[in-house]
Amino acid sequence: MKTIAAVLRALREPLRIEELELPQLRDGQLIVEVAFSGVCHSQLLEVSGQRGIDRFLPHVLGHEGSGVVLECGPRVTKVKPGDRVVMSWIKGSGADVQSIAYRGSDGLVNSGAIATFMERTVTCESRVTAVPATVPSREAALLGCAIPTGAGIVRTTARLQAGQSVAIFGVGGIGLSAVMASAIAGAAPIIAVDVVDQKLQWARTLGATHTVNPQLEEPLAAILEFTDGSGVDCAIEAAGRAQTMELALRAVRDHGGLCILAGNLPHGGRISIDPFDLIRGKRLLGTWGGESDLDRDLPYYARLYLEGKLKLEALITHQYRLEQINQALVDLEVGIVGRALIDLGAGGPQ
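Note that this is a predicted model, so its numbers are computed, not measured.

What counts, and where the lines are drawn
- Residues numbered from 1 in each chain as written.
- Predicted model: local features only at pLDDT ≥ 70, side-chain atom pairs only at ≥ 80, totals over all residues.
- Heavy atoms only, no water.
- Pairing = 2+ DSSP bridges.
- Helix = DSSP H or I, 4+ residues; strand = E, 2+ residues; numbered from the N terminus.
- Axes fitted to C-alpha atoms, helices over the stretch in contact; angles between N-to-C directions.
- Contact = heavy atoms within 4.5 Å.
- Buried < 20%, exposed > 50% of the residue type's maximum accessible area, 1.4 Å probe, protein only.
- Arc of directions from axis to C-beta.
- Phe/Tyr/Trp six-rings, centres within 6.5 Å; stacked < 30°, edge-to-face > 60°.
- Lys NZ or Arg CZ within 6 Å of the ring centre and 35° of its normal.
- Polar contact = N/O pair within 3.5 Å; in protein donor to acceptor, adjacent residues only side chain to side chain.
- Patch = residues over 30% accessible without salt bridge, like charges linked within 9 Å, V, L, I, M, F, W, Y side chains within 5 Å.
- Areas by Shrake-Rupley, 256 points an atom, 1.4 Å probe, with all protein chains shown as cover.
- Salt bridge = Lys/Arg side-chain N within 4 Å of Asp/Glu carboxyl O.
- Disulfide = S-S within 2.5 Å.
- Lys, Arg positive; Asp, Glu negative; His and termini not counted.

## A look at the sheet that holds strand E11 (residues 166-169)
Ordered by their spatial adjacency, 6 strands build an open sheet running E13-E12-E11-E14-E15-E16, and the pairing between neighbours is parallel. Only two strands of the sheet have a single partner each, and these edge strands are strand E13 (210-212) and strand E16 (283-286). Between one strand axis and the next, the sheet turns by 15° as a mean value, whatever way the strands run. Bridging between E11 and strand E12 (residues 190-193) involves 4 bridges; their strand directions are parallel. Note on E12: the bridge partner recorded for Val166 is Ile190. Strands in contact with helix H5 (residues 197-205) are E12 and E13; relative to E13, the strand with the most contacts, it is inclined by about 165°.

Here is the structure:
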């Protein structure tokens, strides 16, 4: 069986669209016909060489998507052919098969346990979760990374409560998901911080009560004004910039304020903090996919969507075909995208 895929052959070069041959399935593996794939800043870091040395070139990319199971290998019991699934880099239950190799005209092309920038993909049980047929494939793709990470930070990592204040730095796909989850939790105020006015408008639509553009006003002063001088109960950094990570910690209140870092710095990047912030009782945490368990959490998010409370369709701001993948990465890098999807043209209801 063959597939068309976007392949990274050299760092800092455009992805190449190539035809690849799928390998024979091993225990715990399956083939998914991909409907939609999300595009994340993680792929920008990979393509631009900001992850450091890449020992796996050439390889395929993408870690969030939706589709339909075409074929199951030996010992797969979690799903069956015909099931609609969400694919995610966040591990769930089932077999975890780490490495895959596709054959192309120029030799082998590597893959990790999941890759979604391709029409058909080989993955494994731990990276798929069945999704209700009532959730369209287009919206379902967001349940692989953007929602479990952004909403998971609010719901599981921070356990944000009604009436607590939150500032979200960087309102792309992860940040906008955090805005929606904060609104569902009843947080107030919900402060969105970004340098792109269009993103701030999207954040308002999805539940932000206040917005701050650091190019137009001093962000810390604005946040303190919105919180009567105390700072926010929780700050979420989703921009992936050292300056905003440092600012997010300064923006939380003393004696229990929580700062959560979700953004990724380039390889070797560092931040500086004042230890006295920690002595004053501020807390600083990282997050791994919002501490999400998709076997547990995906049904919850699907139900919220079906009840009209989780506006997944509003999170999708741009859509591309696979042959436009390099343009999608450019648009993401310049900051005009909320969450972008690649339409692979399969997967049932959309």
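Next comes the rest of the description.
## Looking at H5
For H5, the set of buried residues is Lys199, Leu200, Trp202 and Ala203. All buried residues of H5 project into a common sector of 155° when viewed along the axis, lining one side. In the core, the buried residues of H5 are packed alongside helix H4 (173-185), E12, E13 and strand E17 (316-321). One or two residues past the end of H5 sits Gly207, with phi positive at roughly 130°.

## A short note on unusual backbone geometry
For residues besides glycine, phi is generally negative; the peptide bonds are generally trans as well. A cis amide bond links Leu57 with the next residue in sequence, Pro58, at an omega value of -10°. When you line up the elements, Pro58 lands in the loop between helix H1 (41-47) and strand E4 (59-60). With a phi angle near 50°, Arg159 is a residue other than glycine that sits in the positive phi range. As for its position among the elements, Arg159 is in the loop between helix H3 (146-157) and E11. Since its relative accessible area comes to 56%, Arg159 is described here as exposed. Located in the positive-phi region is Glu291, a residue other than glycine, with phi close to 55°. Residue position: Glu291 is located in the loop between E16 and helix H9 (294-306).

## Here we look at the packing of aromatic side chains
Counted by the stated rule, this structure contains 2 aromatic pairs. Between Arg155 and the ring centre of Tyr300, over which it is positioned, the NZ or CZ distance is 3.8 Å. In this structure, Arg155 is placed above the aromatic ring of Tyr301, and the distance from its NZ or CZ to the ring centre is 5.8 Å.

## Quick word on helix H6 (residues 219-226)
Taken together, the buried positions of H6 are occupied by Pro219, Leu220, Ala222 and Ile223. Take H6 and look down its axis: the buried residues cluster within an arc of 160°, on one side only. Against E11, E12, E13 and helix H7 (242-251) lie the buried residues of H6. Near the N-terminus of H6, the side chain that reaches the backbone nitrogen of Leu220, with its oxygen 3.2 Å away, is that of Glu218. One or two steps after H6, the chain reaches Asp228, where phi turns positive at roughly 55°.

## Regarding a nonpolar patch on the surface
A grouping of Ile273, Leu278 and Leu284 is seen on the molecular surface, where their side chains present a nonpolar patch of about 210 Å² in accessible area. Along the chain, Leu278 turns up in helix H8 (residues 275-279).

## Some points on the state of the cysteines
Taken as a whole and judged by the stated rule, the model has 0 disulfides. This cysteine, Cys72, is not joined by any disulfide, and Cys124 carries the nearest cysteine sulfur, 12 Å off. A disulfide-free cysteine, Cys145 has its sulfur positioned 4.5 Å from the sulfur of Cys40, the nearest such atom. Owing to a relative accessible area of 3%, Cys145 belongs among the buried residues under this scheme.

## Observations concerning the side chain of Glu237
Position of Glu237 among the secondary structure elements: in strand E14 (residues 234-237). Arg241 provides the closest opposite charge to the buried, unpaired Glu237, separated from it by 7.0 Å. With near-sequence residues (within four places) excluded, Glu237 lies in contact with Phe169, Thr244, Met245, Ala248, Ile260, Leu261, Ala262 and Gly263.

## Regarding the pattern of salt bridges
Across all of its chains, the model carries 19 salt bridges by this definition. When the shortest N-O distance is used, the salt bridge between Glu21 and Lys2 registers 2.8 Å. Placement of Glu21 in strand E2 (residues 16-21) and of Lys2 in strand E1 (residues 2-8) is noted, with a sequence separation of 19 residues between them. The residue Asp96 makes a salt bridge to Arg127 at a minimum N-O spacing of 3.0 Å. Of this pair, Asp96 sits in the loop between strand E6 (84-88) and strand E7 (100-104) while Arg127 sits in the loop between strand E9 (120-124) and strand E10 (128-130), and the two are 31 residues apart along the sequence. What you see here is one network of salt bridges that share partners, running through Arg9, Arg16, Glu18 and Asp106.

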